[in-house]
Amino acid sequence: MQASKPLVLCFSGHDPGGGAGIHADIEAIAAQGGHALTVITAHTVQDSVDVRRVSPVAPIFMAAQTEALLADCRVAAIKIGLLGDAAQIPHILEAIERCRVPVVLDPVLRAGGGTALASAALVEALRTQLIPRVSVLTPNAAEARRLAPGAQSLDDCAQQLRRLGAGGVLITGGDEPGDEVCNHWHGADGARDYRWPRIPAQFHGAGCTLAATLAARLALGDALATALQRAQRDTHAALAAAYAVGQGRLIPRRIAGGA
Ligand code: PLP
């Protein structure tokens with residue numbers, strides 16, 4: 001039977017506060033009219049301020065979950081966020097190979113609160129194994145600089161990351177200074193900047209929201225340029241209406257409603 005909603009297979013971490021990770025994916029994808037299939041990569045201990053602990057899920061368990069889903073469901077896009085460790089990557093590559101659908105990778109290397117979320121080994125495995133297989137990579141500026149060591153500018157970072165094999169790279173500028181957020185795109189269609197008014201607040205889960213929305217738009221069949229525009233527009237709207245769940249950063253309102 002055909003799925004009645006486009007399915008997005010998500011490999012992401014669990015944030016118990018619901019701001020980032022798998023909660024963000026489920027909400028953002030549902031808000032677009034898609035349905036999230038979720039394979040959790042890591043459990044975390046965190047609050048709205050920072051991440052305190054990350055516990056990876058065993059790759060063999062992730063593989064069994066993925067196998068059960070792929071035997072049953074037809075996936076229209078894949079979204080990858082926080083990974084527990086490099087040993088999870090071969091299983092994700094296998095899913096990419098089997099599904100042959102657009103893949104959006106949000107390389108989560110550091111929490112907004114400052115805690116490191118990726119070892120040097122994971123960064124290297126992302127560069128050599130996963131990035132060459134993704135359709136769109138969505139690092140923030142700090143993540144782009146770490147993934148493209150030695151690059152002289154963000155433009156140079158994007159070019160290096162495309163040379164690794166990423167189909168396109170959207171470097172988000174939320175973590176850079178300035179009254180505007182400038183997101184730099186580099187793809188087969190060339191380079192362009194998207195500028196958005198900066199919303200004067202700190203957010204938790206903005207990157208996950210953007211990447212999951214983009215994966216949902218691609219699953220729905222948008223052309224890449226349309227998907228990029230809509231995902232940024234809808235993420236900006238979710239940030240403009242963000243709300244607090246604790247004492248720290250605000251979380252994007254991905255699903256309308258409430259005060
Ligand atoms: N926890 C999980 C599970 C995440 O996926 C992420 C980011 O993707 C974070 C924490 C950190 O989110 P932020 O940098 O927006 O605080």
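Look a little higher up for the structure.
Summary of the structure given here. Not measured: the values here are computed from a predicted model.

## A short note on unusual backbone geometry
The backbone of Arg 100 shows a phi angle near 50°, a positive value even though the residue is not glycine. Inspection of the secondary structure assignment puts Arg 100 in the loop between α3 (89–99) and β5 (103–105).

## Topic: the packing of aromatic side chains
In this structure the tally under the stated criterion is zero aromatic pairs. Taking the ring centre of Tyr 194 as reference, the NZ or CZ of Arg 192 above it sits at 3.9 Å.

## Quick notes on the site of the ligand
Near the ligand lie 13 residues; those nearest to it are Gln 46, Gly 112, His 204, Gly 205 and Arg 249. A distance of 2.7 Å separates an oxygen atom of the ligand from a polar backbone atom of Gly 205. Taking Arg 249, its side chain carries an N or O atom lying 2.7 Å from an oxygen atom of the ligand. Surface burial for the ligand is 91%, taken as the share of its 390 Å² of free accessible area covered by protein chains. Residues of the shell around the ligand, tallied by class, amount to six nonpolar, six polar and one charged.

## So, helix α8 (residues 224–240)
The first and last C-alpha atoms of α8 sit 24 Å apart over 17 residues, in line with the 24 Å expected at 1.5 Å per residue. Within the sequence span of α8, burial applies to Ala 227, Leu 228, Ala 231, Gln 232, Thr 235, Ala 238 and Leu 239. With its buried residues spanning 125° around the axis, α8 presents them on a single face. Check the buried side of α8 and you find it contacts β7 (168–171), β8 (180–187), β9 (190–197) and α7 (206–219).

So, how was this worked out
- Residues numbered from 1 in each chain as written.
- Predicted model: local features only at pLDDT ≥ 70, side-chain atom pairs only at ≥ 80, totals over all residues.
- Heavy atoms only, no water.
- Helix = DSSP H or I, 4+ residues; strand = E, 2+ residues; numbered from the N terminus.
- Phe/Tyr/Trp six-rings, centres within 6.5 Å; stacked < 30°, edge-to-face > 60°.
- Lys NZ or Arg CZ within 6 Å of the ring centre and 35° of its normal.
- Near = heavy atom within 4 Å.
- Polar contact = N/O pair within 3.5 Å; in protein donor to acceptor, adjacent residues only side chain to side chain.
- Areas by Shrake-Rupley, 256 points an atom, 1.4 Å probe, with all protein chains shown as cover.
- Nonpolar A, V, L, I, M, F, W, Y, C, P; charged D, E, K, R; others polar.
- Expected span 1.5 Å × (residues − 1).
- Buried < 20%, exposed > 50% of the residue type's maximum accessible area, 1.4 Å probe, protein only.
- Arc of directions from axis to C-beta.
- Contact = heavy atoms within 4.5 Å.

Purely geometric stuff here, so don't read any function into it on its own.
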